[in-house]
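# Remarks on the overall topology
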Amino acid sequence: MSTEDRPPAPRSLAEALRARGDAALGALLRSRPDLITPVPTDLTQLATRAGTRASVVRALERLDRFALQTAEALAVAADPADYGELLGLMAGDDADPAVVAALPHAVDLLREQALVWGDDDRLRLVRTARELLAPSPQHPSPTGLGPTVREATAGMSPGRIQEIVATAGLASTHDSVSAVTALAGLFTDRARMAALLAGAPADSVEVLERLVWGPPYGQVTADPAARLRWLLDRGLLLPTAPGTVVLPREVALHLRRGLAHRVPEPVPPVVEAATVHRPQVVDSAAAGQAYTALATVEELLKDWDEGGPAVMRAGGLSVRDLKRTAVALDVPEPAAAFWVELAYAAGLIASDGEADERYAATPAYDEWLEQPPAERWSRLVTAWLAATRTAGLVGGRDAKDRTLSALGPGLDRSAAPEVRHRVLALLAGLPEGAAPAAGSVLARLRWERPLRGDRREDDLRGRLAEWALSEAELLGVTGRGALSAQGRALLGAPAAPAPSPAAEPSGPGDKLPVHHHHRPAPLAPLSPAEQAVASAAAARLVAPLLPEPLDHVLLQADLTAVAPGPLRRPLADMLGVLADVESKGGATVYRFTPGSVRRALDSGQAASDLHAFLAAHSRTPVPQPLTYLIDDVARRHGHLRVGAASAYVRCDDDAVLSEILADKRSAGLGLRRLAPTVLAAQADPAGLLEGLRALGFAPAAESAEGDVLITRALAHRTPPRTPPEPVPDGPPVPDDTLLSAALRAIRAGDLASTTPRKPGSAPVAAGELPRTGAAETLATMQAAVLTGEALWIGYVNAEGSASQRVIAPVRVEGGFVTAYDHTADEVLTYPLHRITGVAELAGDAG
């Protein structure tokens, strides 16, 4: 294309955006969704919003390390800079081939993000980004470079500048500007600078080497040493304040061989496969963890079935309740916090909202229990992927130095879902069965997002990644550190790349002899509909790997029963009432005690029912000691009857009542005899039942009619609750419908604001609406109906929102104008009193 055929260079970011097609503008709005919240009126407003500090900071935080290094190099380059200057700053005098290859993509990315605009011969970093990244004494540049010679000598006396120029071997000039230009020219001339430094004392060169990579500032005394004086006299160090000197940017770049960064990082760190296992081993190990996760959540909710721990006044679980939960689940406290938070995120537990507020299972828990195991697992991992609540923070401190508690406030971290997804996506890029080195995953994440608001946030991102790896293992998304097949399906990831023959291990835990240097395309987070499909696919993969529930146990003579695997629900529920869990693991051991048998009898079971149940579900004969235990407890069960007076005890055998009265331990119950077979008590019926059971008796409660009350554990449920909503990490990425509507609105507004007006029209300031009187507006409208010309109008709708429009009036009557609206691409009717003014357009403005 000839110079004459080339479009003119843009003079502003708005003009650069105006030259973009819809696809390029859509890419910008997807990558920076804050720019359309709300939708800007035109491209000028879009460019203004893209240059605001908050938006630029957010965009810089989302750059990878090399793109950020490119932006930092542009901040220390001339404004505007050509591509050759930028390449020299990034690749250095040696022209690093990796940098040369990667730089065009980085520049294109910065352009796409509207952080850089202009052609390659006039690259401009947006002003706000330059202010954030350029060196200053208060905010040193990440490059370690200082101010330019021109900036450093801004307050220096002309006489001193002339002295420096003369000592440096340059011809004297008549003004400071030309003197500074000559000095900067010397420092940027490689040959002349090499000759100047060749005559420098060794200790002076040593001073330069200490400052060259930053920070560029140093302290000097009122009478500098000879090595410093030599540098000061030639301008290689320049004073910026009393006692402070700086290494000029041009000198540092010469010493660095042109490099703006000590270590440019054009290529992301490789995620290394530390060990590799057979895929079947990984999937089986992950499925085992998935089963353990389901059992743990069930056990947690069963423990809270009749009402869980109290909600603290500030919200959340107390430290004591978390410790008790950890003991009940037989896991460390951090793991207990994770399981509690996972159940909360999945909507299985919540606070009941009562006056004495407690945590309890929700009605959704009962629905969850009825689902097949694979679907229950799928629901848990889907909730985990999207949750912003971060269990790893439990026990830490918030900004006000308050302890963060499980289920309490302050645990949301909006970056958590993105970090989890990215960690799993990196694992998906490895060959099947390959487990990464945790350090290489963290290094890759630091390259992808190097800049955070402060050091603590940067540290948080690393901790989020570590927690994601450990939590994925707990849930069975990974097995032995490698992503399982069901984990890949959960991400919607394609099949894993096959390892090269040289990388095939001879055993399940062998080291990989080579690294995998492929760079897989990033997996984008799925939409809710896509995630539902992916979760269903993951459930189908894990289903055949989960152990089948058993319908039997093994009874032993020591009053225990062994469940060699997971039990079917009716059997597990009944056995949970009849016996106490003694130990868990690959097999669960239950122990029968008088108390557990009495619990089963209290629930309405007869001794014959218990004998039949055990005989039907035991693969071994029912041991005689267990039969005797059930019969003995049943024989004494209900012999005493407790009812409500305040409370009373009655028994046909008055000797038993006499025995109770004679026992000193019964004094606290406040018993007295009302009749030979009846005792009255000051304690309430429940307390009396517990007290008599503590004395070794087996009383039964009775109703007012004298019937034995059957007591079953009543499951305490909260009212219907919705799971906690994740806290978004900024505005959501717009979908195609919103994006299309936003682009149409921006284009329409831009058309209205940029369409040329007819010469002689009243001037209108940029961004303002045209203003004309009612009579002039009406006359112009009526004339346009006759001529068919287009008009530019300002319009305020019923909500008070102002906009600019280009219309072709068709009819004016009854205080309304009907016109074809070019900005909306349809015929609309406007009340004339809402039109602020009108201006005629140039003849070719259609």
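Residues numbered from 1 in each chain as written. Predicted model: local features only at pLDDT ≥ 70, side-chain atom pairs only at ≥ 80, totals over all residues. Heavy atoms only, no water.

Glancing now at the overall build of the protein. If you tally the helices and strands in the protein, you get 33 helices and 25 strands. Residues classed as buried in the protein amount to 46% of the 846 residues present. A sequence separation of at least 24 residues applies to 67% of the contacts in the protein between residues at least 6 apart. Taken as a whole, the protein presents about 40500 Å² of accessible surface, with 55% of it coming from carbon and sulfur. (Helix = DSSP H or I, 4+ residues; strand = E, 2+ residues; numbered from the N terminus. Buried < 20%, exposed > 50% of the residue type's maximum accessible area, 1.4 Å probe, protein only. Contact = heavy atoms within 4.5 Å. Areas by Shrake-Rupley, 256 points an atom, 1.4 Å probe, with all protein chains shown as cover.)

Below, the discussion takes up unusual backbone geometry. Each neighbour pair has its own omega, and for Asp 79 with Pro 80 the value is 5 degrees, a cis peptide bond. In this structure, Ala 95 is a non-glycine residue whose phi angle is positive, near 50 degrees. Inspection of the secondary structure assignment puts Ala 95 in the loop between helix 6 (83-91) and helix 7 (97-112). Positive phi, close to 60 degrees, is recorded for Arg 257, a residue that is not glycine. For Arg 257, the position within the fold is in the loop between helix 15 (249-255) and strand 6 (273-276). Take Arg 257: its relative accessible area is 45%, and that puts it in the partly exposed class.

Quick look at the pattern of salt bridges now. Considering all chains together, one arrives at 36 salt bridges under this definition. Residue Arg 190 is joined to Asp 93 by a salt bridge in which the shortest nitrogen-to-oxygen separation is 2.9 Å. Of this pair, Arg 190 sits in helix 12 (residues 190-198) while Asp 93 sits in the loop between helix 6 and helix 7, and the two are 97 residues apart along the sequence. Residue classification places Asp 93 among the partly exposed residues on the basis of a relative accessible area of 39%. Among the ionic pairs, Asp 189 bridges to Arg 192, the shortest N-O distance being 3.4 Å. You can call Asp 189 partly exposed: its relative accessible area is 28%. (Salt bridge = Lys/Arg side-chain N within 4 Å of Asp/Glu carboxyl O.)

A low pLDDT score tells you not to read the predicted coordinates there in detail. For the protein, per-residue confidence averages 85 on the pLDDT scale, and residues scoring 70 or more make up 89% of the total. In this model residues 500-521 is a low-confidence stretch, pLDDT under 50, and it forms 38 contacts with partners more than four residues away in sequence or in other chains. (pLDDT = per-residue confidence, 0-100.)

Turning our eyes to something else, we now look at helix 3 (residues 43-50). For helix 3, the complete set of buried residues consists of Leu 43, Leu 46, Ala 47, Arg 49 and Ala 50. Along the axis of helix 3, the buried residues cluster in a sector spanning 165 degrees; they form a single face. Its side-chain oxygen placed 3.2 Å from the backbone nitrogen of Thr 44, Asp 42 serves as the N-cap of helix 3. (Arc of directions from axis to C-beta. Polar contact = N/O pair within 3.5 Å; in protein donor to acceptor, adjacent residues only side chain to side chain.)

Attention now goes to the nonpolar core. Leu 17, Leu 236 and Leu 237 are the most contacted members of the largest nonpolar core, which has 92 residues in total. It is helix 5 (residues 65-76) that provides the largest number of residues to this core, a total of eight residues. Setting aside residues no more than four positions away along its own chain, Leu 17 makes contact with Leu 25, Leu 28, Leu 43, Leu 46, Ala 47 and Ala 114. Counting residues in hydrophobic clusters, the runner-up holds 77 residues, among them Ala 346, Leu 348, Ala 415 and Ala 489. (Core = buried A, V, L, I, M, F, W, Y, C linked by side-chain atoms within 4.5 Å.)

Vacant regions in the atomic arrangement are exposed by a probe of water-molecule size rolled over the atoms. Under the counting rule described, the total for this entry stands at four cavities of 30 Å³ or more. Estimated volume of the largest cavity: approximately 90 Å³. Residue lining of the largest cavity: Phe 338, Glu 341, Leu 342, Ala 345, Ala 383, Trp 384, Ala 387, Arg 389, Ala 391, Arg 420 and Glu 471, and that is the complete set. Elements that contribute at least two residues to the lining of the largest cavity include exactly helix 18 (333-345) and helix 20 (373-386). It is helix 18 that provides the largest number of residues to the lining of the largest cavity, a total of four residues. In the lining of the largest cavity, the residues fall into seven nonpolar, no polar and four charged. Put simply, the second largest cavity is a space of about 50 Å³. Around the second largest cavity sit Thr 390, Ala 416, Val 419, Arg 420, Leu 464, Trp 467, Ala 468 and Glu 471, which together line it. Contributions of two or more residues to the lining of the second largest cavity are made by helix 21 (416-428) and helix 23 (455-475). (1 Å grid on protein atoms, 1.4 Å probe; cavity = no way out; pocket = protein on both sides within 12 Å on 5 of 7 lines; lining within 4 Å. Points joined across faces, edges and corners; volume = space filled by probe spheres on them. Nonpolar A, V, L, I, M, F, W, Y, C, P; charged D, E, K, R; others polar.)

A separate point is helix 19 (residues 363-370). Every buried residue of helix 19 is accounted for by Ala 364, Tyr 365, Trp 368 and Leu 369. Buried residues of helix 19, viewed axially, fall in a sector of 145 degrees; they line one side. Along helix 19, exposed side chains directed more than 90 degrees from the buried face belong to Glu 367 and Glu 370. Among the structural elements, helix 16 (279-303), strand 8 (359-361), helix 20 and helix 26 (569-578) are those in contact with the buried residues of helix 19.

Pairing is antiparallel across the open sheet formed by three strands, whose spatial order is 3-5-4. Of all the strands in the sheet, the pair left with one neighbour each is strand 3 (217-219) and strand 4 (238-241). The sheet shows a mean angle of 40 degrees between the axes of neighbouring strands, direction not considered. Judged from the three bridges that link them, strand 4 and strand 5 (residues 244-246) form a sheet pairing that is antiparallel. Each bridged residue has a counterpart across the sheet, and for Pro 239 the counterpart in strand 5 is Val 245. (Pairing = 2+ DSSP bridges. Axes fitted to C-alpha atoms, helices over the stretch in contact; angles between N-to-C directions.)

All right, on to the packing of aromatic side chains then. Per the counting criterion, the structure on display carries four aromatic pairs. Ring geometry for Tyr 795 versus Tyr 830: centroids 4.8 Å apart, planes at 65 degrees, classification edge-to-face. Taken together, the positions of Tyr 795 in strand 21 (residues 791-796) and Tyr 830 in strand 24 (residues 826-831) put the pair 35 residues apart, joining distant regions of the chain. Residue classification places Tyr 795 among the buried positions, given a relative accessible area of 11%. A residue is classified by how much of its surface remains accessible, and Tyr 830, at 3% relative accessible area, is buried. Sitting over the ring of Trp 368, Arg 376 keeps its end group 5.4 Å from the ring centre. (Phe/Tyr/Trp six-rings, centres within 6.5 Å; stacked < 30°, edge-to-face > 60°. Lys NZ or Arg CZ within 6 Å of the ring centre and 35° of its normal.)

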